[in-house]
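Listed here are the chains, written in short residue letters.
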Amino acid sequence: MQETSRETDSAGLPRVSAVVLAWGAEPLLRRSVEALLASVKVEVDVVLVDNGCTTDDVEQLRGAAGVTVVGEGHNVGFSAGCNVGVAASVGEYVALINGDAVVEPTALARLVEELADPGVGIAAGAVRLADEPDLLNSRGNEVHVLGLSWVGGFRERETRTEPTETAGAMGACLVTRRAHWDRLGGFDPHYFAYHEDADLSIRTWRVGLRVVNVPDAVALHRYEFSRNSFKFYLVERNRVMFVVTLWGARSLVLLGPPLLVLEFAMVALAARQGWLPDKLRGYRWLWQHRGHLRQRRARLRAERTVSDRVWMRVLTDRLDTPLINPPGTPVFNAAMAAYWRLIRRWV
C-alpha cells in the first residue's frame, strides 16, 4: 500500500479509516457504522471485520458505499481482529470503534484535531452509557502500578471542558495516526481480548507521546460488565503478560513484594469464587508461551525512549472503581500508596 494513499481526501479533509468488529449478534452494529459514515469534518471509510457475526448485518452492509468487509467469519479475538482491520485501512488516521458504540457526528473530527499536536499519540473519546447518556462509561481507563486496569469515571457526570491526559485509552473509541500504529506494530494478538488497549496506551507513553481523553468527542456505548470464567482467565493472564513485558527490570524488582501479594490474593479470590481452574490455566499459558514473552519484552525494551520513572507518573496506586471492590480494598490501597511513595524515586 502506497503511503500516498493515507493522505487527506480531494476536499482537503483528514481521511479516517474506522475499524469496527462484527461479533455475535450486535443490535447496534448498523447504527454504529451509519453514524461513522455520517461523521462531519472528516472523510470516513469503515473497515468492517467479520469476527464471527451471527446475524445478516455484515452481508447487509457489504457493498455499501464507504464500507469494506474483511475477516473470515470466525472470532480471532479483539486484538487480532483489529489488526486485520487496520491492515486493510487506507486513512492517515485509524479509529477503533466498538460495534456497540455510536459516535456523535463531530466525535472523530475532534479526536483528529487533538492529534494535530505532534506530542499526542492517541486521542480517545468520552464514552457514555447508551441507556443513560448523561453518565460516563469511561473518561479514560485507569492503569494501576501492579497492572490492573479499569474504566475511569464510571457512572459519573461529565464535568470537564478540556481534554485530559489518561493512562489508558478505552478501545471502544479511539483514534491514532496510522504511522503511530505501525510504529508500535498494533496489538499483540496473544491478548485476544482485555488489556490490549492498556498495552497500546502505555507503549505510547513509553515512546514519549501522550494519551488524551476528549470530553466533547462523545460515543454512546451499550456497556455490560460481565463476569464469566473465560473473562477471568483472559483478564488475569493478560495482566501478568502486560506487566512482565512492559515494566522495567528495576521496577519489577521493586514492585516484586506487592506483585506477589496480589498474586496470592487473586489465587485465594479465585478459589473462593470458583474460578481457580481459570487462574491456573492462565499460569499454564504463560509458561507455555514464555519464549514469546521473552522476545516481546526484549523488543519493547528496545522501542522505549522514556524511563519508567517518567512514564509511570500516569499510573495510579489506588484501586478505585465500583465495578471491582474486593474485601480489604481500603487496607490494600493504604498499604500500596505508602509502598509506592517509598520506592517510586528508584524505579
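Higher on the page you've got the structure.
Residues numbered from 1 in each chain as written. Predicted model: local features only at pLDDT ≥ 70, side-chain atom pairs only at ≥ 80, totals over all residues. Heavy atoms only, no water.

Caption draft 1: Main features of the overall build of the protein. Helices and strands together make up the secondary structure of the protein, namely 13 helices and 12 strands. A compact globule built from 347 residues should have a C-alpha radius of gyration of about 20 Å, and the protein, at 20 Å, falls within 12% of that. Considering only C-alpha atoms, the protein reaches an extent of 55 × 45 × 40 Å along its principal axes. Buried residues in the protein amount to 55% of all 347 residues. Restricting the contact set of the protein to residue pairs at least 6 apart, pairs at least 24 apart contribute 77%. Working note: accessible area of the protein is about 15300 Å², and carbon and sulfur atoms make up 55% of it. (Helix = DSSP H or I, 4+ residues; strand = E, 2+ residues; numbered from the N terminus. Rg over C-alpha atoms; globule rule 2.2 N^0.38 Å. Buried < 20%, exposed > 50% of the residue type's maximum accessible area, 1.4 Å probe, protein only. Contact = heavy atoms within 4.5 Å. Areas by Shrake-Rupley, 256 points an atom, 1.4 Å probe, with all protein chains shown as cover.)

Caption draft 2: Spatial organisation of helix 7 (residues 229-246). Its 18 residues place the ends of helix 7 26 Å apart at the C-alpha level, agreeing with the 26 Å of an ideal helix rising 1.5 Å per residue. The buried fraction of helix 7 is high, at 14 of 18 residues. In this structure asparagine 228 caps helix 7, since a side-chain oxygen of it lies 3.2 Å from the backbone nitrogen of phenylalanine 230. (Expected span 1.5 Å × (residues − 1). Polar contact = N/O pair within 3.5 Å; in protein donor to acceptor, adjacent residues only side chain to side chain.)

Caption draft 3: A look at the environment of valine 90. Structurally, valine 90 can be placed in the loop between helix 3 (78-87) and strand 4 (93-97). Taking the C-alpha atoms as reference, valine 90 lies 8.0 Å from arginine 15; in sequence the two are 75 residues apart.

Caption draft 4: Expanded view of the pairing of strand 2 (residues 43-53). Here strand 2 lies mainly inside the structure; 10 of its 11 residues are buried. Sheet topology places strand 1 (residues 15-24) next to strand 2; 9 bridges connect them, and they run parallel. Along strand 2, the bridge assignment pairs alanine 18 with valine 46. Between the parallel elements strand 1 and strand 2, the chain passes through helix 1 (residues 29-37) in a crossover that is right-handed. One ladder, built from 4 bridges, connects strand 2 with strand 3 (residues 67-70); its direction is parallel. (Pairing = 2+ DSSP bridges. Right-handed = clockwise from strand over helix to strand, strands pointing away.)

Caption draft 5: Quick look at the pairing of strand 7 (residues 132-138). Taken together, the 3 bridges between strand 6 (residues 120-129) and strand 7 define a ladder with antiparallel strand orientation. If you follow leucine 129 over to strand 7, its bridge partner there is glutamate 132. Count of turn residues in the strand 6/strand 7 antiparallel hairpin: 2 residues.

Caption draft 6: Expanded view of the packing of aromatic side chains. In this structure the tally under the stated criterion is 8 aromatic pairs. Consider the rings of phenylalanine 242 and tryptophan 247, whose centres lie 5.2 Å apart with planes at 70°: the pair is edge-to-face. Following the ring pairs from residue to residue traces out a cluster consisting of Phe78, Trp181 and Phe187. A cation sits over an aromatic face here: arginine 290 above tryptophan 287, 3.9 Å from the ring centre. For the cation-ring pair, arginine 345 lies above tryptophan 346, with the distance from its terminal atom to the ring centre recorded as 5.2 Å. (Phe/Tyr/Trp six-rings, centres within 6.5 Å; stacked < 30°, edge-to-face > 60°. Lys NZ or Arg CZ within 6 Å of the ring centre and 35° of its normal.)

Caption draft 7: Representation of the packing of helix 9 (residues 256-273) against helix 10 (residues 276-288). Orientation of helix 9 relative to helix 10, taken along the N-to-C sense of each, is 140°, at an axis distance of 7 Å. The orientation of helix 9 relative to helix 10 falls into the category oblique. Touching Glu263, Met266, Val267, Ala270 and Ala271 of helix 9 are Leu276, Lys279 and Tyr283, all from helix 10. Here the residues of the contact of helix 9 with helix 10 are counted per class, giving 6 nonpolar, no polar and 2 charged. (Axes fitted to C-alpha atoms, helices over the stretch in contact; angles between N-to-C directions. Parallel < 35°, antiparallel > 145°, perpendicular 65-115°, else oblique. Nonpolar A, V, L, I, M, F, W, Y, C, P; charged D, E, K, R; others polar.)

Caption draft 8: Region of interest: the nonpolar core. Ranked by internal contacts, the top residues of the largest apolar core, which has 62 residues, are Leu96, Phe242, Trp247 and Leu315. For this core, the leading source of residues is helix 7, giving 8 residues. Formed by 45 residues, the second largest nonpolar core is a distinct cluster that contains Val20, Leu61, Val69 and Leu108. (Core = buried A, V, L, I, M, F, W, Y, C linked by side-chain atoms within 4.5 Å.)

Caption draft 9: Inspection of the state of the cysteines at higher detail. Summed over the entire model, instances satisfying the criterion amount to 0 disulfides. For cysteine 82, which is in no disulfide, the shortest distance to another cysteine sulfur is to cysteine 173 and amounts to 13 Å. Judged by relative accessible area, cysteine 82 falls into the buried class, the value being 1%. Looking at cysteine 173, the relative accessible area reads 1%, which means it is buried. (Disulfide = S-S within 2.5 Å.)

Caption draft 10: Spotlight on helix 6 (residues 196-206). Most of helix 6 is tucked away, with 11 of its 11 residues classed as buried. Among the residues making up helix 6, those that are buried are Glu196, Asp197, Ala198, Asp199, Leu200, Ser201, Ile202, Arg203, Thr204, Trp205 and Arg206. A positive backbone phi angle near 85° is found at glycine 208, which sits one or two residues after helix 6.

Caption draft 11: Structural view of the environment of alanine 172. Within the secondary structure layout, alanine 172 lies in the loop between strand 10 (164-165) and strand 11 (173-177). Between the alpha carbons of alanine 172 and arginine 345 there is a distance of 34 Å; along the sequence they are 173 residues apart. Alanine 172 has contacts with Leu96, Ile97, Asn98, Ala101 and His221, leaving out every residue within four places of it along the chain.

Keep in mind that these numbers describe shape and distance, not what the molecule does.
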